[in-house]
Amino acid sequence: MPSDTADITPRRWDDLPRRAWVTGAGKGIGRALVKRLVSEGWTVFASARTEDDLTSLAAEAETMIGKVCPLPLDTTDEAACTKAVDTIMAKEEPIGLIVLNAGTHTETPIDDFDLKVVHKIFDVNVGGTVNCLAPAMQALRAQGFGKIAVTASVAGYKGLPKAAAYCGSKAGVIAMCEALYPELRRVGVSLAVINPGFVKTPLTDKNSFDMPFLMEVDAAVDAIAKGLARDTFEIAFPTRFVLILKTLRLLPDWLYFKLTGKLLD
């Protein structure tokens, strides 16, 4: 790593151009975040696999002061991700914010540890993030500023029963962002990781277990919006749930496993 390069202070939130790219924008948190940004005057390139979701999103935002630009994308397609960034940057206008939010979740207990399911979770949550992150970093480095936010999860703090693939994928995303943060900051690019708890979305609607501190999606977007406006690395919520899980990380292994084992009872 070069040692003779002076750090470049990233631009303040209010000084960023109001153009953004959000992946995983078809449903849930991503969709709600796009609408929030557009309502505040942002032009948002919204990406998701299902084009109909993006069409309806653009229609819902027609009366808002900003604009939705649908950009269908399968984040597991590396070439398509690079092309998406090229398309955005070809407008010859700077982009202020990139939110890599696409992700998936399926339980992976040991009695149903389906390799296809496990690989899909890692392909989307890690591979899809990397496919977008690589060209996104290049683009923001080239323009000399910008903010990237990557959605991980509080599930990435420690492993939880029946969620080996999901926890593993999100832990990988968190660690990757921790490694990239100081490097990107040196070149004027801000990086944040978004770690939500349980948020009521079509993804969590599939869960068959109790979800503590379940949040409505608008409350989650409130927390994300406030976090993006601050120059902070982690945007984690809800606060009480985050504190509980971070405390659990401090426990000795024998006690941690005793507690998580009770989740199987």
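To be clear, the structure that these remarks concern was listed above.
Residues numbered from 1 in each chain as written. Predicted model: local features only at pLDDT ≥ 70, side-chain atom pairs only at ≥ 80, totals over all residues. Heavy atoms only, no water.

Caption draft 1: Focus on the pairing of strand β5 (residues 146-151). Here β5 lies mainly inside the structure; 6 of its 6 residues are buried. Inspection of the sheet shows strand β4 (residues 97-100) paired to β5 by 4 bridges, in the parallel sense. When the sheet's bridge partners are listed, valine 99 is paired in β5 with alanine 149. You can see the chain leave β4, run along helix α4 (residues 115-143) and come back into β5, and the turn it takes is right-handed. This β-α-β element, β5 to helix α5 (residues 164-186) to strand β6 (residues 189-196), shows right-handed connectivity. (Buried < 20%, exposed > 50% of the residue type's maximum accessible area, 1.4 Å probe, protein only. Helix = DSSP H or I, 4+ residues; strand = E, 2+ residues; numbered from the N terminus. Pairing = 2+ DSSP bridges. Right-handed = clockwise from strand over helix to strand, strands pointing away.)

Caption draft 2: Here's a closer look at the pairing of strand β1 (residues 19-22). Alternating positions in β1 separate into two faces, Arg19 and Trp21 on one and Ala20 and Val22 on the other, with burial throughout. Sheet analysis places β1 next to strand β2 (residues 43-46), joined by 4 bridges and oriented parallel. Across the sheet, arginine 19 pairs through a bridge with threonine 43, a residue of β2. Chirality of the crossover, the property in question, places the unit of β1, helix α1 (residues 28-39) and β2 among those that are right-handed.

Caption draft 3: Layout of α1. The end-to-end C-alpha distance of α1, which contains 12 residues, comes to 17 Å, matching closely the 16 Å that a straight helix rising 1.5 Å per residue would cover. In terms of burial, α1 is a largely internal element, 9 of the 12 residues being buried. Restricting attention to buried positions, one finds in α1 the residues Gly28, Ile29, Gly30, Arg31, Ala32, Leu33, Val34, Leu37 and Val38. Of the residues one or two after α1, glycine 41 is the one with positive phi, at around 100 degrees. (Expected span 1.5 Å × (residues − 1).)

Caption draft 4: Representation of α4. Helix length check: α4, at 29 residues, gives a terminal C-alpha distance of 41 Å against a target of 42 Å (1.5 Å per residue), a fit within 8%. Remark: the principal bend of α4, roughly 35 degrees, maps to aspartate 123. Two to three positions downstream of the cap, the backbone nitrogen of lysine 116 sits 2.8 Å from a side-chain oxygen, assigning the N-cap of α4 to aspartate 114. (Bend = angle between axes of the 7 residues up to and from the residue. Polar contact = N/O pair within 3.5 Å; in protein donor to acceptor, adjacent residues only side chain to side chain.)

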